[in-house]
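Geometric and topological summary
So you can see what is in the structure, the chains are spelled out below.
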Amino acid sequence: MPTEESSGCQQMSSQAKGLHMPITSETDGPNATCVIDGRFDAHETPSFRSFVDEFHASRPGEALRLRVVLARTTFIDSSGLAELVRAMKQLTAGGGGGGIVLVEPADPVLVILELTRLSTMFEIEEAATLTIDTE
Amino acid sequence: MPTTSLNAYRAWASTPLTETPAVSVVIPAYNESERIVPTIGAIATYMSGRDEPWELIVVDDGSSDETVEVVRSLGLANLRLIESVQNGGKGKAVRAGMLAAHGDVRLFADADQSTPIEQFEKLLVSLRDGHDVVVGSRAADGSLEASKSPLRRLLSGGLRTMVDVLFNIGVRDTQCGFKMFTAAAAEDLFRRQQIDGFSFDLEVLYLAEKFGYRISEVPVEWIDAPGSTVDAALVAFQFLADLVKIRVGDLRGDYVGPSDQAQTRIASPVGG
């Protein structure tokens with residue numbers, strides 16, 4: 001059965017909740033989905049890392065796939081980028097098809113990935129309705 | 001934001017403007033090699049999606065890290081990089097950027113994206129309502145502050161009180177790094193501005209009041225971005241010293257006279 005949890009917001013004041021949105025995650029066997037809304041910065045990376053570590057440790061030796069939904073992510077800073085790279089390395093280390101997919105990254109996230117030259121490192125699943133100039 | 005902002009960004013990134021920009025965004029940067037690129041990405045995507053010609057000016061303040069190389073390597077067509085060989089202070093960097101800007105509307109924004117660029121429209125509404133200077137504020141009703149450390153809360157609260165007592169400026173948050181100016185106000189005020197350090201905001205607002213500019217304070221979201229390159233306690237101490245400097249300078253007549261003459265009194269701008 002899938003399990004769902006919400007994390008990353010517990011330590012924020014109620015006033016801050018409007019700025020730091022929760023990271024929600026769901027696991028289903030060797031597959032997991034993590035949805036990051038709002039900003040993904042150093043305030044949010046600990047909860048993301050905890051989830052990835054737990055997911056990774058939950059099924060030793062299996063190829064694990066993590067989908068990170070970034071459709072409503074407004075900003076990702078260098079610590080958030082570093083955390084995505086760490087997760088990718090962790091999940092691909094075992095080979096066998098494990099890895100991470102960035103799902104429908106919002107425009108600013110896509111631009112940040114391009115400017116940091118990380119867009120070629122990740123498997124990116126763009127929204128079906130997107131029409132992007134590729135020059 | 002619709003996907004058109006992505007296409008607009010790609011056009012902005014690759015094709016130099018042929019017209020005068022309506023908006024200039026100035027980012028002062030000191031040792032920001034790790035944080036500046038995501039900030040540029042967020043600002044460029046948002047601003048390009050507004051469908052007005054705009055320019056981005058990054059003013060390096062003599063960084064000792066690779067900020068200059070990192071920004072230059074982006075190769076963005078409408079990003080201008082102003083360099084300095086020496087660290088002259090945030091006030092000096094912002095002054096250089098605001099005076100080099102061509103936009104009718106000029107915003108300076110901190111390099112850590114602590115005030116999200118999405119707050120731009122709120123300030124613009126106030127500018128278009130007839131104000132000359134619009135201050136992004138963490139103290140105005142409706143503002144949101146997140147993750148601010150207790151030390152920074154204490155320091156900023158104390159400094160606000162000091163400013164209230166000593167300056168009687170109507171602005172409650174003088175230090176938020178998100179301020180918008182008309183071109184005329186920016187040209188005048190930043191030529192008069194003399195303080196090169198972090199207190200330059202206060203000086204500019206003091207001058208704006210002194211010379212009769214219309215100022216408004218607009219509540220914004222603000223997130224204490226980790227990895228600040230600022231020593232809050234040291235800045236607070238310097239701020240107090242600058243409060244005295246501004247008052248004494250005003251009494252001495254440093255700020256009177258046309259602003260084009262005032263420019264000759266300030267230290268040479270950051271070279272580019």
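Rules used throughout
- Residues numbered from 1 in each chain as written.
- Chains lettered and ligands numbered in written order.
- Predicted model: local features only at pLDDT ≥ 70, side-chain atom pairs only at ≥ 80, totals over all residues.
- Helix = DSSP H or I, 4+ residues; strand = E, 2+ residues; numbered from the N terminus.
- Buried ≥ 20, exposed ≤ 12 C-beta atoms within 10 Å, placed from the backbone.
- Contact = placed C-beta atoms within 7 Å.
- Pairing = 2+ DSSP bridges.
- Axes fitted to C-alpha atoms, helices over the stretch in contact; angles between N-to-C directions.
- Core = buried A, V, L, I, M, F, W, Y, C linked by C-beta atoms within 7 Å.
- pLDDT = per-residue confidence, 0-100.
- Left-handed = near helix turned anticlockwise from the far one by under 90°.
- Nonpolar A, V, L, I, M, F, W, Y, C, P; charged D, E, K, R; others polar.

**Considerations on the overall build of chain A**
Broken down by element type, chain A carries 3 helices and 8 strands. Along chain A, helices (α) and strands (β) appear in the sequence β-β-β-β-α-β-β-α-β-α-β when read from the amino end. Here chain A holds 135 residues, and the buried ones make up 39% of them. Across chain A, the fraction of contacts at a sequence separation of at least 24, relative to all contacts at a separation of at least 6, is 60%.

**Remarks on the sheet that holds strand E3 (residues 79–82) of chain B**
All names here are of chain B. Strand order in the open sheet formed by 7 strands is E3-E2-E1-E4-E7-E5-E8, with mixed pairing between adjacent strands. The open sheet terminates on both sides in strands that have one partner only, identified here as E3 and strand E8 (215–219). Going from strand to strand, the sheet's axes swing by 20 degrees on average, the running direction of each strand aside. In terms of strand pairing, strand E1 (residues 23–29) meets strand E4 (residues 105–109) through 4 bridges, oriented parallel. The residue bridging Val 26 from the neighbouring strand is Phe 108, located in E4. Strand contacts of helix H4 (residues 90–100): E1, strand E2 (54–60), E3 and E4, with the helix running at about 155 degrees to E1, the strand carrying the most contacts. Sitting on the sheet, helix H7 (residues 183–192) touches E4, strand E5 (133–137) and strand E7 (178–182), and the angle it makes with E7 is about 105 degrees.

**Quick notes on H4(B)**
Residue and element names in this part refer to chain B. With 9 of 11 residues buried, H4 is to be regarded as a mostly interior element. The complete set of buried residues in H4 reads Lys 90, Gly 91, Lys 92, Ala 93, Val 94, Arg 95, Ala 96, Gly 97 and Met 98. Lining the buried residues of H4 we find E1, E2, E3, E4, H7 and helix H8 (200–210).

**Some details on the nonpolar core**
A:Leu66, B:Val25, B:Val26, B:Ile43, B:Ala44 and B:Leu107 are the most contacted members of the largest nonpolar core, which has 102 residues in total. Looking at which element gives the most residues to this core, the answer is helix H2 (residues 36–48) of chain B, with 8 residues. With residues near it in sequence (within four places) discarded, B:Ala44 still touches A:Val111, B:Tyr9, B:Trp12, B:Ala13, B:Leu56 and B:Leu76.

**Structural notes on the pairing of strand E2 (residues 23–28) of chain A**
All names here are of chain A. Residues of E2 alternate between two faces, with Ile 23, Ser 25 and Thr 27 buried on one and Thr 24, Glu 26 and Asp 28 left unburied on the opposite face. Of the pairings in the sheet, the one linking E2 to strand E3 (residues 31–36) comprises 6 bridges and is antiparallel in character. If you follow Ile 23 over to E3, its bridge partner there is Ile 36. In sequence, E2 turns back onto E3 through a hairpin of 2 residues, with Gly 29 there showing a positive phi of about 65 degrees.

**Section: helix H3 (residues 107–115) of chain A**
Counting buried positions along H3(A) gives 8 out of 9 residues, so the element sits mostly inside the fold. Burial in H3(A) covers these residues: A:Asp107, A:Pro108, A:Val109, A:Leu110, A:Val111, A:Ile112, A:Leu113 and A:Leu115. Buried-residue contacts for H3(A) involve strand E6 (73–76) of chain A together with helix H1 (4–14), H2 and helix H3 (67–74) of chain B. Two residues or fewer after H3(A) comes A:Arg117, characterised by a positive phi angle close to 60 degrees.

**Re the confidence of the model for chain B**
All names here are of chain B. Per-residue pLDDT for chain B averages 87, and the proportion of residues at 70 or more is 87%. The low-confidence segment residues 263–272 (pLDDT under 50) makes 18 contacts with residues lying over four places distant or belonging to another chain. For this predicted complex, the interface confidence score (ipTM) comes to 0.86, while the overall pTM stands at 0.86.

**Digging into the environment of A:Thr73**
Residues and elements named next belong to chain A. With respect to the helices and strands, the residue Thr 73 is situated in strand E6. Sequence separation between Thr 73 and Arg 49 is 24 residues, and the spatial gap between their C-alpha atoms is 17 Å. Each residue touching Thr 73, except ones within four places of it in the same chain, is listed here: Ile 36, Asp 37, Gly 38, Phe 40, Pro 105, Ala 106 and Val 109.

**A look at the environment of B:Glu83**
With respect to the helices, strands and loops of the structure, B:Glu83 is situated in the loop between E3 and H4. For the pair B:Glu83 and B:Val59, spaced 24 residues apart in the sequence, the C-alpha separation amounts to 6.1 Å.

**Describing the environment of B:Pro28**
Residues and elements named next belong to chain B. Relative to the helices and strands, Pro 28 resides in strand E1. The spacing of Pro 28 and Leu 240 is 212 residues in sequence and 22 Å in space, taken between C-alpha atoms. Among all residues touching Pro 28, those that are not within four sequence positions of it are Val 59, Asp 61, Lys 90, Ala 93, Val 94, Gly 97, Phe 108 and Ala 111.

**Comments concerning unusual backbone geometry**
Residue and element names in this part refer to chain B. Even without glycine at this site, Asn 31 takes up a positive phi of about 50 degrees. Along the polypeptide, Asn 31 turns up in the loop between E1 and H2. A positive phi is found at Gln 113, a non-glycine position, where the angle reads about 60 degrees. Structurally, Gln 113 is set in the loop between E4 and helix H5 (120–128). On the basis of neighbour count, Gln 113 is assigned to the buried category, with 25 C-beta atoms found within 10 Å.

**A few points about the packing of H2(B) against H3(B)**
All names here are of chain B. Contact pair H2 / H3: the axes reach a minimum separation of 10 Å and the direction vectors enclose 35 degrees. The element H2 and its partner H3 pack so that their crossing is right-handed. Between H2 and H3, the residues in contact are Ile 36, Val 37 and Ile 40 and Thr 67, Val 70, Val 71 and Leu 74, respectively. Taken together, the residues of the contact of H2 with H3 sort by class into 6 nonpolar, 1 polar and no charged.

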